[in-house]
Amino acid sequence: MNELFTELYHEYYDDVYRLTYSYTLNKEETEDSVQRTFTKLYKNINNFNNDKEYIKKWLFKVAINDVKDLFRMISKRRIVNIEDIEKIKGKEENKITLDLPKKYRILIYLYYYEGYKIKEISELLNLKESTIKMRLKKAKELLKIEIEG
């Protein structure tokens, strides 16, 4: 059990981190969410067979739900950390993608960086395939505008 968890942790940590960061744009919140996600994996490790693709999708689903829960909690508090806003504004790495609204940023990450198909993304995010297609189209348009200046 521990060996399998360790293997999965090392194999998927970066993927879960990048996905979560694309939601939060905050290093500390991302690290906390990733930790909660892998804690859930550890507690449920006996419920899985060795289907790594299924486990990866499960991790993504747990991470997405964790971040959504975090946002619900934050929106109730209505707190904005000014330091985080400044960090985001000054960040040059992946700047264009980070400038996209969250609903597009997540799709770009899952579709282009992780290679998920539209149907898989719709299952992960609980959205209709047509919604995913429309948002991907809009995200591409926004990226094109951003790149062309």
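Refer to the preceding data block for the structure.
Overview of the structure. If you're wondering where the values come from, they're calculated on a predicted model, not measured in any experiment.

Definitions and cut-offs
- Residues numbered from 1 in each chain as written.
- Predicted model: local features only at pLDDT ≥ 70, side-chain atom pairs only at ≥ 80, totals over all residues.
- Heavy atoms only, no water.
- Helix = DSSP H or I, 4+ residues; strand = E, 2+ residues; numbered from the N terminus.
- Contact = heavy atoms within 4.5 Å.
- Core = buried A, V, L, I, M, F, W, Y, C linked by side-chain atoms within 4.5 Å.
- Buried < 20%, exposed > 50% of the residue type's maximum accessible area, 1.4 Å probe, protein only.
- Axes fitted to C-alpha atoms, helices over the stretch in contact; angles between N-to-C directions.
- Parallel < 35°, antiparallel > 145°, perpendicular 65-115°, else oblique.
- Left-handed = near helix turned anticlockwise from the far one by under 90°.
- Nonpolar A, V, L, I, M, F, W, Y, C, P; charged D, E, K, R; others polar.
- Arc of directions from axis to C-beta.
- Phe/Tyr/Trp six-rings, centres within 6.5 Å; stacked < 30°, edge-to-face > 60°.
- Salt bridge = Lys/Arg side-chain N within 4 Å of Asp/Glu carboxyl O.

Here Ser122 lies in helix α7 (residues 118–125). Residues within four places of Ser122 in sequence aside, it is in contact with Leu127, Lys128, Glu129 and Ile132.

Ranked by size, the top nonpolar core spans 35 residues in total, and within it Leu19, Phe38, Leu41, Leu59, Leu110 and Leu125 carry the most contacts. Of all the secondary structure elements, the ones that give two or more residues to this core are α1 (2–24), α2 (27–44), α3 (52–77), α6 (102–113), α7 and α8 (129–148). In terms of residues, this core owes the most to one element, α3, which gives eight residues. Not counting residues up to four positions away in its chain, the partners in contact with Leu41 are Phe5, Leu8, Phe48, Ile55, Trp58 and Leu59.

Attention now goes to the packing of α6 against α7. For the pair α6 and α7, the least separation of the axes is 10 Å and the interaxial angle reads 135 degrees. For the element pair α6 / α7, the angle class is oblique. α6 and α7 meet at a crossing whose hand is right-handed. From α6, Ile106, Leu107, Leu110 and Tyr111 reach across to α7, where they touch Ile118, Ile121, Leu124 and Leu125. Partitioning the contact of α6 with α7 into residue classes produces eight nonpolar, no polar and no charged.

Let's shift gears to the packing of α1 against α2. Packing of α1 against α2 brings their axes to within 9 Å, and their N-to-C directions diverge by 145 degrees. Where α1 crosses over α2, the handedness of that crossing is right-handed. Seen from α1, the contacting residues are Asn2, Phe5, Leu8, Tyr9, Tyr12, Tyr13, Val16, Tyr17, Thr20, Tyr21 and Thr24; seen from α2, they are Lys27, Glu29, Thr30, Glu31, Ser33, Val34, Thr37, Phe38, Leu41 and Tyr42. Across the contact of α1 with α2, the residue classes break down as 12 nonpolar, six polar and three charged.

A word on α7. Within α7, the full set of buried residues consists of Ile118, Ile121, Ser122, Leu124 and Leu125. Projected down its long axis, α7 carries its buried residues within an arc of 160 degrees, all on one side. Just downstream of α7, Asn126 is the residue with a positive phi angle, here 55 degrees.

The tally for this structure, following the rule as stated, stands at 12 aromatic pairs. Ring geometry for Phe48 and Trp58: centres 4.9 Å apart, planes at 70 degrees, overall edge-to-face. Taken together, the residues Phe48 in the loop between α2 and α3 and Trp58 in helix α3 connect sequence positions 10 residues apart. The residues Phe48 and Trp58 share a single accessibility class, namely buried. A centroid spacing of 4.8 Å and a plane angle of 85 degrees characterise the contact between Tyr111 and Tyr112, whose relative ring orientation is edge-to-face. Its relative accessible area of 29% is what places Tyr111 among the partly exposed residues. Judged by its relative accessible area of 45%, Tyr112 falls in the partly exposed class.

When their charged atoms lie close together, side chains carrying opposite charge are able to pair. With the rule as written, the count across this model stands at seven salt bridges. The shortest N-O distance in the salt bridge between Glu114 and Lys56 comes to 2.6 Å. Taken as a pair, Glu114 in the loop between α6 and α7 and Lys56 in helix α3 lie far apart in primary sequence, 58 residues in all. Of the two residues examined, Glu114 and Lys56, each falls in the buried class. Notably, a salt bridge pairs Glu120 with Lys57, separated by 2.9 Å at the nearest N-O pair. Placement of Glu120 in helix α7 and of Lys57 in helix α3 is noted, with a sequence separation of 63 residues between them. With a relative accessible area of 21%, Glu120 lands in the partly exposed category. Three or more residues are tied together by salt bridges with common partners; here these are Asp15, Arg18, Lys56 and Glu114.

None of this, on its own, says anything about what the molecule does.
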